[in-house]
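# What the coordinates show
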Amino acid sequence: MSTVNLIESFGEFKDLKNIDRVTMMGILEDVFRGVVKRRFGEEANVDIIINPDKGDLEIWLNRIIVEDGMSEDDNLEIELAEAKKIEPDFEVGEEVSQEVKIADFGRRNILSLKQNLQSRIMDLEKDHLYNKYKERVGEIVTGEVYQIWKRETLILDDEGNELIMPKEQQIKTDFFKKGDSVRAVLWKVELRNNTPTVILSRTAPEFLEKLFEQEVPEVADGLIMIKRIVREPGERAKVAVESYDDRVDPVGACVGMKGSRIHGIVRELRNENIDVINYTANDELLIQRALSPAKVGNIKLDHERKRAEVYMKPDQVALAIGKGGHNIKLAGKLTGFEIDVYRETDEVTDDVSLEEFRDEIDQWIIDEFKKIGCDTARSVLDIPVDELVQRTDLEEETIREVVPDPGQELEA
């Protein structure tokens, strides 16, 4: 094996791993120096010359000329007779430089050299990959789906690096097939068995934030600040925004004319409903805005326990709670308060809990009313009998026995 062919073979490896030539030459020198030291000893005077431009590598062993029969270490000294075979004019005390051929190391040392070199390059590539992506955490990356497993999906970026997107970091309605292009936020970089693992996410709030930066120039420029984001991925999200320029409407800018800006985000998130609201430091007003589209009446706050009692008209309760309870749950996360919703009536003080009627009404009938959200006498009276028949499993005759004629009220 010649020196040139060895360098060329590792030069090809360098190209695959995107390691620059100068760095590659430095690794080669270190690895060769280690092999030379094992071959000739730690004290050997060896020059390793590498030309990064041409890829040439030369190894020279330097020894001092001594009298014949006086050499104590042939790796450090050379006898005069041997030196004169190289150059007849040599004299005792001078230094002789001899080129060492790769083949002189022996098959075992050459194999060890190649293994050490590959190991060094792999370690360097791991460090390069880790540092490269560690600096990009929080950015949106685009890749191609390469392989789909039960618990995660393997994605390749434009440089062929492997990225992982776990199942729990995918929107539940995401469906990918091999070759699909996918966008996600670079969530974090972990070291698993000393190997960097790049993890992507489409469910993280940061993904939604970066999508807003891409779609809304005012957010990218810093005129509009995204204060808080909460998500139920694929279902609903709430985004609180604030403008540092009084001339800019933060909500209008984020939504765009006729929803032009936010529609692209909604499609990317598999039709996730996005509520954009104006941020405020006023907790009561923020809760009111966070519960949109429901219209809120009175709000009672307990700042110590971080609880909020919100009163609204009966027809607004379902809107406040939302499908699957997502609206009220996200409003609580956005505001930091545990929110309880109550029906608001004109005469709240006259209302009585259904449990007060246990002596007059069977418990199973009370339980049926509670199943549809009617836990007080007035909440039952506010619903027409025919609607109660439809919404409960009670017969009309049973309901009419419990609900008094119009103009009368239940009495405890």
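Each remark here, short or long, concerns the structure printed above.
All of these numbers come straight from a predicted model, not from anything done at the bench.

Moving on, we get to the overall build of the protein. The helix and strand inventory of the protein stands at 15 helices and 15 strands. Projected onto the principal axes, the alpha-carbon positions of the protein cover approximately 130 × 50 × 45 Å. When the 412 residues of the protein are sorted by exposure, 42% land in the buried category. For the protein, long-range pairs separated by at least 24 residues make up 57% of all intrachain contacts whose partners lie at least 6 apart in sequence. Here the protein contributes 58 positive and 89 negative side-chain charges, whose respective centroids are spaced 3 Å apart.

In this structure, Leu208, Phe212, Val239, Val241, Leu269, Ile274 and Val276 are the most contacted members of the largest nonpolar core, which totals 26 residues. Of all elements in the fold, only α5 (205-215), β10 (224-232), β11 (236-243), α7 (250-255), α8 (260-268) and β12 (273-278) reach the threshold of two or more residues within this core. No other element matches the four residues that α5 contributes to this core. Filtering out sequence-adjacent residues up to four positions away, valine 241 remains in contact with Ile224, Met225, Ile226, Lys227, Pro250, Val251, Cys254, Val276, Ile277, Asn278 and Tyr279. With 23 residues, the next largest nonpolar core counts Met25, Phe40, Leu117 and Ile121 among its residues.

The next subject is helix α10 (residues 314-321). Looking at α10, one finds that the buried residues are Gln316, Val317 and Ala320. All buried residues of α10 lie within an arc of 120° about the axis, which places them on one face of the element. Facing away from the buried side of α10, by more than 90 degrees, are the exposed residues Asp315 and Ala318. Packed against the buried residues of α10 are β14 (307-312), α11 (326-335) and β15 (338-343). Following α10 by one or two positions, glycine 322 has its phi on the positive side, about 80°.

The sheet built from five strands closes into a barrel, its strands ordered β5-β6-β7-β9-β8 with mixed pairing. Averaged over all adjacent pairs, the angle separating strand axes in this sheet is 50°, with direction ignored. Inspection of the sheet shows strand β7 (residues 162-166) paired to strand β9 (residues 195-201) by two bridges, in the parallel sense. Its bridge partner being in β9, isoleucine 164 is matched across the sheet by isoleucine 199. Strands in contact with α5 are β5 (140-148), β8 (181-192) and β9; relative to β8, the strand with the most contacts, it is inclined by about 135°.

Scanning the entire structure with this criterion turns up 28 salt bridges. Measuring nitrogen to oxygen at the nearest pair gives 3.7 Å for the salt bridge that ties lysine 177 to aspartate 180. Residues aspartate 340 and arginine 307 are paired through a salt bridge, measuring 2.7 Å at the closest nitrogen-oxygen approach. Residue aspartate 340 is located in strand β15, and its partner arginine 307 is located in strand β14; the two are separated by 33 residues in the primary sequence. The structure contains a network of salt bridges with shared partners spanning Asp174, Arg183, Arg202, Glu268 and Arg270.

Turning our eyes to something else, we now look at unusual backbone geometry. Negative phi values dominate among residues other than glycine, just as trans dominates among peptide bonds. In this structure, proline 293 follows serine 292 across a cis peptide bond, with omega equal to 15°. Along the chain, proline 293 falls in the loop between α9 (283-290) and β13 (299-302). Even without a glycine there, the phi angle at arginine 270 is positive, about 60°. In this fold, arginine 270 is placed in the loop between α8 and β12. Residues other than glycine seldom take positive phi values, yet lysine 306 does so here, at roughly 55°. Assessed through its relative accessible area of 37%, lysine 306 is described here as partly exposed.

In regular strands, side chains alternate between the two faces of the sheet. Two strands pair when backbone bridges link them, and β5 and strand β6 (residues 152-156) are joined in this way by four bridges, in the antiparallel orientation. In the sheet register, valine 145 faces β6, and the bridge partner there is isoleucine 155. Here β5 folds back onto β6, and the loop between the two strands holds three residues. If you look at the hairpin formed by β6 and β7, you'll find five residues sitting between the two strands, and glycine 160 has a positive phi there, around 85°.

The next point concerns the packing of aromatic side chains. Given two aromatic rings, one states the distance between the centres and the angle between the planes to describe the pair. Evaluated as defined, the whole model comprises one aromatic pair. For the ring pair tyrosine 311 and tyrosine 342, a centre distance of 5.3 Å and an interplane angle of 25° mean the geometry is stacked. Note that tyrosine 311 is positioned in strand β14 and tyrosine 342 in strand β15, a separation of 31 residues in sequence. Given the relative accessible area of 34%, tyrosine 342 is considered partly exposed. Lying across the ring of tyrosine 146, lysine 178 places its NZ or CZ 4.9 Å from the centre.

Below, the discussion takes up the sheet that holds β14. Strands sit in the order β13-β14-β15 across an open sheet of three strands; the sheet is mixed. The open sheet has two edge strands with one neighbour each: β13 and β15. Averaged over neighbouring strand pairs, the angle between their axes works out to 15° when direction is ignored. Contacting β13, β14 and β15, α9 runs over the sheet at an angle of about 125° to β13.

Our focus in this paragraph is the packing of helix α2 (residues 21-40) against helix α4 (residues 107-134). In the contact formed by α2 and α4, the axes pass within 10 Å of each other and the chain directions differ by 145°. Every pair of crossing elements has a handedness; the one defined by α2 and α4 is right-handed. Contacts between α2 and α4 involve Thr23, Met24, Ile27, Leu28, Asp30, Val31, Phe32, Val35, Arg38 and Arg39 from the first element and Asn109, Ser112, Leu113, Asn116, Leu117, Arg120, Ile121 and Leu124 from the second.

Reading the values: rules and limits
- Residues numbered from 1 in each chain as written.
- Predicted model: local features only at pLDDT ≥ 70, side-chain atom pairs only at ≥ 80, totals over all residues.
- Heavy atoms only, no water.
- Helix = DSSP H or I, 4+ residues; strand = E, 2+ residues; numbered from the N terminus.
- Buried < 20%, exposed > 50% of the residue type's maximum accessible area, 1.4 Å probe, protein only.
- Contact = heavy atoms within 4.5 Å.
- Lys, Arg positive; Asp, Glu negative; His and termini not counted.
- Charge placed at Lys NZ, Arg CZ, Asp CG, Glu CD.
- Core = buried A, V, L, I, M, F, W, Y, C linked by side-chain atoms within 4.5 Å.
- Arc of directions from axis to C-beta.
- Pairing = 2+ DSSP bridges.
- Axes fitted to C-alpha atoms, helices over the stretch in contact; angles between N-to-C directions.
- Salt bridge = Lys/Arg side-chain N within 4 Å of Asp/Glu carboxyl O.
- Phe/Tyr/Trp six-rings, centres within 6.5 Å; stacked < 30°, edge-to-face > 60°.
- Lys NZ or Arg CZ within 6 Å of the ring centre and 35° of its normal.
- Left-handed = near helix turned anticlockwise from the far one by under 90°.

These figures capture arrangement, not role.
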